[in-house]
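# Report on the structure
Chain by chain, the residues:
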Amino acid sequence: MGRLRNARIHVERAVKQKKIFMIQGRYPVIRCLLRRRGWVEKKMVHHSGTNLPPPQKDLDSSVIGDSDTTEDEDEEEDEAFRPPQLFDFDDFLEFDDLDGTHALMVGLCLNLRNLPWFDEADADSFFPRCYRLGAEDDKKAFIEDFWLTAARNVLKLVVKSEWKSYSIQAEEEEASGDKQPKKQEKKPVMVSPEFVDEALCACEEHLSNLAHMDIDKDLGAPLYLSPEGWSIFLQRYYQVVHEGAELRHLDAQVQRCEDILQQLRAVVPQMDMEGDRNIWIVKPGAKSRGRGIMCMDHLEEMLKLVDGNPMMMKDGKWVVQKYIERPLLIFGTKFDLRQWFLVTDWNPLTVWFYRDSYIRFSTQPFSLKNLDNSVHLCNNSIQKHLENSCHRHPLLPSDNMWSSQKFQAHLKEMGAPDAWSTVIVPGMKAAVIHALQTSQDTVQCRKASFELYGADFVFGEDFQPWLIEINASPTMAPSTAVTARLCAGVQADTLRVVIDRRLDRNCDTGAFELIYKQPAVEVPQYVGIRLLVEGSTIKKPLAMYHRRMGVHPALPHLLTQRGSGESKDSGTLTHRSAPRKVAGARSLGHTEKPTFTATTSAPGKGKKGKAKTEVSGSLRKLPEVAHLRRGRAGMQTQPLPTSPASTPRPGCLLPMCSDPRGGSSDCNTASWWALRPCQPQARP
C-alpha cells in the first residue's frame, strides 16, 4: 500500500508539472534519462482497431531515440523534412511515429535553388548539382548538364595527356601494374582532333551564355550542336572514356583547352570535384538507407531507368545528383561523415550544432572503374552485409567507423592539422544553416517542439565539405563501439538543451553549440485570395483654411484678376434663401427671410471692362452658403446656416457651392465649385 500511495503521489506531481512522456518503440537511453528527471511514462497500449499503427519497417519511431531495429540491424530510418511534430512540452512529451513519405532529396533539390533570396551564397559551392527526373524541365536541364560536363571532360583529358596522345586503356594498364600480355593485338580506335574542336566550341558557347552574351540572340537560332549532334558526341566520348579509344589532338588545342578550363573554373564551382568520367548517382527519393541508389555514367541508361517506372516518374521521386569523383580518401578508401544538428525553433530559426560526429568507411577500395554500391556508398545498412576487402589498408578499422577525434588525428598525420577547424567545420555549419534557411518557409512548425537531424557530408581533395543529404530521424542504434558512445551522448545532450535549458538558460548543453539564432519574424495573417484596400478621403486644404481662419484676404485680388481675364463669359447666379429663425426671436417663432441677389454682367459696348455687381439685402450678416445636392432632377440648391456674427466685408469671397454629396453641411468637407468677388453696392 505504501508503494502504491507513493506512486500515486509521484504521478499526481508529474501531471501537475506536465512531466508525462510516451514512447513508441525501444528507447532505453531516453526512458532512463527522463525518469531520472522525475518524468512519468504513459504506456502506449495497442488494441485491435486502434489508430496507432505498429512500427513500420521503413520508418523510424522517433527523431531522437534508439532505432526500432535490433542492434545488429543498423538501418538508417531517415525520412524527409517534416514539421517538428514529436515533442510538445505544452501537454506531454511524446515520441511518435513518423509517417512522412516525401523525399528529402527532392526538398533539398528544390529549396536550395532559392538560396540567393535568403543569403549571399551559392548552393553549387557545397551541394552537388541535383535534378528531378520526374519533372520535364529538370529532366531537360539534366540532359544539357550531362552534355556540357562531357565536353568539359574532353578538355580535361586533353590537358591531362600533357602534349601526348591520350589512351584510357594504356593509362589503366599503367595504374594497375598489369604486366600480362594483351589478349588482343588489334589497334585501338582513333578519335580525330575535330572531336576536340566540337568540345571547345560547346564550352565557349556555354561561357558566352553564362556571360549573357546571347541576350540579343534569336530564340530560334540553332545551337552549335543539335540534340542529334550531342548524341554522336556522346558516343565518341564513351569510346574515349570507357572503351579505351585514343584521343587525337593538335598541339595548338592544348593551350586553348587550358584557357577555356581556367575560365570555366571561375563560373563552375564544381569543376574540380566532378572528375572526367561523368558519373552520376540516381536516387529514388522516397527511400532511405541507400536502397535503390545506383551510380551510372551513361545518359541513355539513366533515362531508360526512370522512364521504365511510370509510377516513380508520375510522383517525381527520382532524383539524379552529380557524383564526387575526386573525394578525400583515407588509405585509398572512401568515407562519409554523419553530423548531427538540432532545431529547437523554426521562428525564430534556432540551430544547435553537435561537436562530435563519426565517419563511415566503405568495405572496398575506391575505384571509378567499378560502380558497385559496395565501393561508393558508405551507409552502414549496406556495408554491414559485406566483408572487408583483403586489399584494404590494415590501419582501417574492422567495424568501418571512426570518431571525429580519430579523424582529426589522421588529418594531423597527413600534414593538415588546421583543416578540421578552418575548412571542414565552418563549411558544414554554413551548409546546414543555408539548407534550413531555404526550408524554413515550407515547414509547418509548432512551438515547444524540436527535431534532431543527421547530415551526411563527403569531402573533396581540398577538404571542402559537400552536403549529400539531410536525414530526419537519424538512427541511434549502437551498432559499433563508436555509435554506442556517441548516440547515447547526443540523446543526453539533446535533453539538456530542450528540457534543462528551459529552466536554466545557463545550464550545460553538453556538446551542442548554438550556431544560429534568427531574429524573430512576425508571420503575416493569411488573407487568402481576397484582397481588400481600405483608405480615407483627403480633405481639401482650401476648405480647411476657410473653416479655421475665415477668408484669405489676398485671394479675392487674384480671383478678381482671373475673373477679369474671363470677362468674355457672362452669367447670372441668383440665390433665394429659405426662411430661418433669427437668434433673438427663437422663442417667438419669428423667421427672417433675407434675399440675396448677385448679378455679374460682362461689360458691353462703351464699358471699360469693369465688372458690375449688384447686392441687395442685409449686409450685416454673411449670406448662407449655397448647398447643392444632386437629385433625380439635377442640381438642387439648399441653404446652409451661417454664423450670425459673421459680417461680409468689401472684397470678401462667397462660396458658391458646398458638398456635392449633400450629406453634410460642415465646411470642412466642402468642395468649392465657384468663387466670385462680392463688393457692396456703391452709394448714390
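Before reading further, recall that the structure is shown in the block above.
Let me sum up the structure you'll find in this document. (Residues numbered from 1 in each chain as written. Predicted model: local features only at pLDDT ≥ 70, side-chain atom pairs only at ≥ 80, totals over all residues. Heavy atoms only, no water.)

## Here we look at the packing of helix 6 (residues 194–210) against helix 7 (residues 227–241)
- Interhelical geometry of helix 6 versus helix 7 gives an angle of 120 degrees and a closest axis separation of 11 Å. As summarised for this structure, helix 6 and helix 7 are arranged oblique, according to the angle between their axes. Of the two elements, helix 6 crosses helix 7, and the hand of that crossing is left-handed. Listed contacts from helix 7 to Phe195, Glu198, Ala199 and Ala202 of helix 6 are Trp230, Phe233, Arg236, Tyr237 and Val240.
- Each residue belonging to the contact of helix 6 with helix 7 can be placed in one class, and the counts come to seven nonpolar, no polar and two charged. (Axes fitted to C-alpha atoms, helices over the stretch in contact; angles between N-to-C directions. Helix = DSSP H or I, 4+ residues; strand = E, 2+ residues; numbered from the N terminus. Parallel < 35°, antiparallel > 145°, perpendicular 65-115°, else oblique. Left-handed = near helix turned anticlockwise from the far one by under 90°. Contact = heavy atoms within 4.5 Å. Nonpolar A, V, L, I, M, F, W, Y, C, P; charged D, E, K, R; others polar.)

## Brief notes about the sheet that holds strand 5 (residues 130–132)
- Across the sheet, four strands lie side by side as 5-11-9-10; this open sheet has antiparallel pairing. Edge strands, defined here as strands with exactly one partner in the open sheet, are strand 5 and strand 10 (294–296). Adjacent strand axes in the sheet meet at a mean angle of 25 degrees when their direction is disregarded. (Pairing = 2+ DSSP bridges.)

## Some words on the pattern of salt bridges
- The final tally for this structure, using the stated rule, is 23 salt bridges.
- Of the charged contacts in the structure, one is a salt bridge between Arg265 and Asp272, with a shortest N-O distance of 3.3 Å.
- Arg265 gets classed as partly exposed once you look at its relative accessible area, which sits at 39%.
- As a salt-bridge pair, Asp456 and Arg360 come within 3.4 Å of each other at their nearest N and O atoms. (Salt bridge = Lys/Arg side-chain N within 4 Å of Asp/Glu carboxyl O. Buried < 20%, exposed > 50% of the residue type's maximum accessible area, 1.4 Å probe, protein only.)

## Quick word on the nonpolar core
- Among the nonpolar cores identified, the biggest contains 49 residues, and Phe341, Phe407, Met428, Phe459 and Leu467 are the most heavily contacted of them.
- No other element matches helix 14 (residues 419–439), which puts ten residues into this core.
- In this structure, Phe407 is in contact with Leu328, Ile330, Phe335, Ile359, Trp402, Trp420, Ile424 and Phe459, ignoring residues within four places of it in sequence.
- Among the nonpolar cores identified, the runner-up in size contains 47 residues, and Phe142, Cys203, Leu303 and Val306 belong to it. (Core = buried A, V, L, I, M, F, W, Y, C linked by side-chain atoms within 4.5 Å.)

## Side note on the side chain of Lys322
- Relative to the assigned elements, Lys322 resides in strand 11 (residues 318–322).
- Within polar-contact distance, the side chain of Lys322 engages the backbone oxygen of Ile279 at 3.0 Å.
- Of note is the side chain of Lys322, whose polar atom sits 3.0 Å from the side chain of Glu325.
- With residues near it in sequence (within four places) discarded, Lys322 still touches Pro128, Arg129, Thr149, Met273, Glu274, Asn278, Ile279 and Trp280. (Polar contact = N/O pair within 3.5 Å; in protein donor to acceptor, adjacent residues only side chain to side chain.)

## Focus on the environment of Ser404
- Within the secondary structure, Ser404 is located in helix 13 (residues 404–414).
- Once the C-alpha coordinates of Ser404 and Leu337 are considered, the two residues, 67 residues apart in sequence, prove to be 8.5 Å apart.
- In this structure, Ser404 is in contact with Arg355, Asp356, Ser357, Tyr358 and Trp420, ignoring residues within four places of it in sequence.

## Details of the pairing of strand 9 (residues 280–284)
- The buried fraction of strand 9 is high, at five of five residues.
- Side chains of strand 9 alternate between two faces, with Trp280, Val282 and Pro284 and Ile281 and Lys283 buried alike.
- As paired strands, strand 9 and strand 10 are joined by three bridges and run antiparallel to one another. Counted as the bridge partner of Val282 is Met294 from strand 10.
- Two strands pair when backbone bridges link them, and strand 9 and strand 11 are joined in this way by five bridges, in the antiparallel orientation. Counterpart to Trp280 in the pairing with strand 11 is Lys322.

## Digging into the environment of Leu115
- By the secondary structure assignment, Leu115 is in the loop between helix 3 (104–111) and strand 5.
- Using a relative accessible area of 0% as the deciding quantity, one classes Leu115 as buried.

## Thoughts on helix 1 (residues 2–16)
- Across its 15 residues, helix 1 extends 21 Å between first and last C-alpha, which sits within 8% of the 21 Å expected from 1.5 Å per residue.
- With its phi angle positive at about 55 degrees, Lys18 sits one or two positions after the end of helix 1. (Expected span 1.5 Å × (residues − 1).)

## Comments concerning the packing of aromatic side chains
- The final tally for this structure, using the stated rule, is 18 aromatic pairs.
- Ring geometry for Phe142 against Trp280: centres 5.0 Å apart, planes inclined by 80 degrees, an arrangement best described as edge-to-face. Of the two residues, Phe142 is situated in helix 4 (residues 136–160) and Trp280 in strand 9; the sequence distance between them amounts to 138 residues. Considered together, Phe142 and Trp280 belong to a single accessibility category, that of buried residues.
- An aromatic cluster of at least three residues, connected via ring pairs, comprises Phe335, Phe361, Trp402, Phe407, Trp420 and Phe459.
- The ring of Trp280 has Lys322 lying over it, and the distance from NZ or CZ to the ring centre is 5.8 Å.
- The ring centre of Trp402 lies 5.4 Å from the NZ or CZ of Lys406, which sits over that ring. (Phe/Tyr/Trp six-rings, centres within 6.5 Å; stacked < 30°, edge-to-face > 60°. Lys NZ or Arg CZ within 6 Å of the ring centre and 35° of its normal.)

## Considerations on unusual backbone geometry
- Cis geometry is adopted by the peptide bond preceding Pro348, which originates at Asn347 and carries an omega value of 5 degrees.
- Position of Pro348 among the secondary structure elements: in the loop between strand 12 (335–346) and strand 13 (349–354).
- A positive phi angle is found at His212, which is not glycine, with a value near 60 degrees.
- Topologically, His212 is positioned in the loop between helix 6 and helix 7.
- A residue is classified by how much of its surface remains accessible, and His212, at 58% relative accessible area, is exposed.

## Some details on the pairing of strand 17 (residues 465–472)
- By the criterion of burial, strand 17 is predominantly enclosed, with eight of the eight residues buried.
- Strand direction decides the pairing type here: strand 16 (residues 451–459) and strand 17, joined by seven bridges, are antiparallel. Note that in strand 17 the partner of Gly454 across the bridge is Asn471.
- Adjacent in sequence and paired antiparallel, strand 16 and strand 17 are bridged by five residues, among which Phe463 carries a positive phi angle near 70 degrees.

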